[in-house]
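As a plain string of letters, each chain reads:
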Amino acid sequence: MTLVTFIIPVRHQANSNDWPSLKSRLSQTIASISGQSNGDWRGVIVANEGADLPDLPPKFSVERVSFPPNQLHDINGADREKVYDAFRLDKGRRVLSGMLSARDTRFFMIVDDDDFVSANIVEFAGRNSNANGWKIDRGYLWNEGGRLLLHHNDFANFCGTSLIIRSDLYGLPATFEDADVDYIKSMLGSHVRIGKILADAGHPLGSLPFRGAIYRVGHSGAHSKSSNLIRTHFLNASVLRRPRQLLANLSRVRPLDQNLRNEFFGAHAAG
């Protein structure tokens with residue numbers, strides 16, 4: 001049994017406005033996962049048939065699917081809840097396909113295709129293998145190409161790359177066809193809903209005791225249409241009118257030094 005399996009759901013290629021950039025970011029996410037200090041893990045990328053993917057290192061495999069494009073993926077004028085609901089379904093069924101292909105694992109971690117994870121996650125899971133799992137409550141925000149990180153202390157409610165959960169707690173169905181839509185959306189397509197569901201069932205998740213992931217923000221392909229880090233937290237008019245808020249934001253800044261590059265971007269990451 002594998003200790004941790006990382007599941008990376010990749011959107012339909014028709015839902016990407018710049019596939020070469022998505023592919024490049026995915027390569028960086030793969031390098032991040034590959035930097036784990038404990039080698040008892042595997043990675044599964046879930047992508048549509050025909051999607052051009054980067055070359056994969058050992059421990060990674062691809063689960064090909066034939067789901068149609070998400071028609072509400074990029075419609076800003078649509079009803080927001082309908083957009084979120086369509087996203088949860090599209091992501092959830094990709095995650096389910098990946099999990100069913102790798103169900104012989106102790107823990108699952110779902111990783112968005114443009115984020116980064118700490119090299120210490122598998123090692124920590126190995127020392128605590130009887131736990132229900134963990135939320136990454138503390139993480140970092142990072143603008144692509146930037147030299148600064150911003151501490152974020154409500155990370156699990158903000159970023160999809162934020163949960164490590166014992167596999168049996170998912171209650172995976174025997175086959176894809178056995179899963180109902182509500183299960184797919186709530187247990188697999190929403191990083192916010194599942195924590196409450198597990199807690200209500202008597203299986204609360206712990207809080208990972210270190211900053212476990214980096215959420216890449218502000219690029220054109222961002223899943224959540226996230227804004228530029230500097231513009232949102234430092235040059236925003238409402239922040240500039242509130243000196244205390246500006247100082248608080250500045251206190252959360254940390255340089256992206258070589259140690260952090262090695263931890264999150266893969267061993268021997270370039271400075």
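The coordinates are above.
Residues numbered from 1 in each chain as written. Predicted model: local features only at pLDDT ≥ 70, side-chain atom pairs only at ≥ 80, totals over all residues. Heavy atoms only, no water.

Student: Could you give an account of the overall build of the protein, naming the residues involved and the relevant values?
Tutor: When you go through the protein residue by residue, the secondary structure sums to nine helices and twelve strands. For the protein, buried positions account for 51% of its 271 residues. Considering only intrachain contacts with a sequence separation of at least 6, the fraction spanning at least 24 residues in the protein is 71%. Accessible surface, the protein: about 12,400 Å² in total, of which carbon and sulfur atoms supply 50%. (Helix = DSSP H or I, 4+ residues; strand = E, 2+ residues; numbered from the N terminus. Buried < 20%, exposed > 50% of the residue type's maximum accessible area, 1.4 Å probe, protein only. Contact = heavy atoms within 4.5 Å. Areas by Shrake-Rupley, 256 points an atom, 1.4 Å probe, with all protein chains shown as cover.)

Student: Which residues make up the packing of aromatic side chains, and what values go with them?
Tutor: Enumeration over the complete set of coordinates arrives at twelve aromatic pairs. Ring centres 5.6 Å apart and planes at 70 degrees place the aromatic pair W41 and F60 in the edge-to-face group. In this pair, W41 sits in strand β2 (residues 41–48) while F60 sits in strand β3 (residues 60–65), placing the two residues 19 residues apart along the sequence. Each member of the pair, W41 as well as F60, is classed as buried. Ring geometry for F116 against F265: centres 4.4 Å apart, planes inclined by 20 degrees, an arrangement best described as stacked. Placement of F116 in strand β5 (residues 116–117) and of F265 in the segment after α9 (258–264) is noted, with a sequence separation of 149 residues between them. The pair F116 / F265 is uniform in exposure class, with both members buried. (Phe/Tyr/Trp six-rings, centres within 6.5 Å; stacked < 30°, edge-to-face > 60°.)

Student: Any chance you could break down helix α4 (residues 181–188) for me, citing the residues and the numbers?
Tutor: Across the eight residues of α4, six count as buried, placing the element largely inside the fold. Turning to α4, its buried residues are Y183, I184, K185, S186, M187 and L188. Where α4 begins, one side-chain oxygen reaches toward the backbone nitrogen of D182, 3.2 Å away; that side chain belongs to D180. (Polar contact = N/O pair within 3.5 Å; in protein donor to acceptor, adjacent residues only side chain to side chain.)

Student: Any chance you could break down the packing of α4 against helix α5 (residues 193–200) for me, citing the residues and the numbers?
Tutor: Following both chains from N to C, one finds α4 and α5 inclined at 100 degrees, their axes separated by 7 Å at the closest point. Classified by the interaxial angle, the pair formed by α4 and α5 is roughly perpendicular. Taken together, the residues of α5 that come into contact with α4 (itself represented by K185, S186 and M187) are R193, I194, I197 and L198. For the contact of α4 with α5, the residue count by class is four nonpolar, one polar and two charged. (Axes fitted to C-alpha atoms, helices over the stretch in contact; angles between N-to-C directions. Parallel < 35°, antiparallel > 145°, perpendicular 65-115°, else oblique. Nonpolar A, V, L, I, M, F, W, Y, C, P; charged D, E, K, R; others polar.)

Student: Before we move on, could you go through the nonpolar core and cite the residues and values that matter?
Tutor: Counting residues in hydrophobic clusters, the biggest one holds 36 residues, and the most contacted among them are F6, I8, V10, I33, M109, I136 and I164. If you list the elements that add at least two residues to this core, you get β1 (2–9), α1 (19–34), β2, β4 (105–110), α3 (121–127) and β11 (213–217). Element by element, the count of residues in this core is highest for α1, at five residues. Ignoring any residue separated from it by four or fewer positions in sequence, one finds M109 in contact with T5, F6, I7, V117, I121, I136, T161, L163 and I164. In this structure, F108, I110, Y170 and M187 belong to the second largest nonpolar core, which totals 25 residues. (Core = buried A, V, L, I, M, F, W, Y, C linked by side-chain atoms within 4.5 Å.)

Student: So what about unusual backbone geometry? Which residues, and what values?
Tutor: Positive phi is not limited to glycine here, since K59 has a value of about 85 degrees. Topologically, K59 is positioned in the loop between β2 and β3. On the basis of relative accessibility, which here comes to 42%, the residue K59 falls in the partly exposed class.

Student: I'd love a proper account of the packing of helix α2 (residues 80–100) against α4, names of residues and values included.
Tutor: It is at 8 Å that the axes of α2 and α4 come closest, and there the two elements cross at 90 degrees. The angle between the axes of α2 and α4 places the two elements in the roughly perpendicular class. Contacts from D85, R88, L89, G92, R93, V95, L96 and M99 in α2 reach V181, I184, K185 and L188 in α4. Partitioning the contact of α2 with α4 into residue classes produces seven nonpolar, one polar and four charged.

Student: Pulling in residues and values, what's your account of the sheet that holds β4?
Tutor: In space, the seven strands of this open sheet follow the order β3-β2-β1-β4-β9-β6-β10, with mixed pairing throughout. Edge positions in the sheet fall to β3 and β10 (206–207), since each has one partner strand and no second. Bridging between strand β6 (residues 133–135) and strand β9 (residues 163–166) involves three bridges; their strand directions are antiparallel. Bridge assignment links G133 to a residue of β9, and that residue is I165. (Pairing = 2+ DSSP bridges.)

Student: Any chance you could break down the environment of F158 for me, citing the residues and the numbers?
Tutor: With respect to the secondary-structure elements, F158 resides in the loop between β8 (148–152) and β9. Along the backbone, F158 and H191 are 33 residues apart, and their C-alpha atoms lie at a distance of 8.9 Å. Setting aside residues up to four positions removed in sequence, F158 forms contacts with L141, H152, H191 and Y215.

Student: Run through the sheet that holds β8, naming residues and quoting values.
Tutor: The sheet built from five strands is open, its strands ordered β5-β11-β7-β8-β12 with mixed pairing. Each having just a single partner strand, β5 and β12 (253–255) make up the two edges of the open sheet. Relative to β8, strand β7 (residues 139–143) runs antiparallel, the two being bridged by four bridges. Within the sheet, the bridge partner assigned to L141 lies in β8 and is L150.

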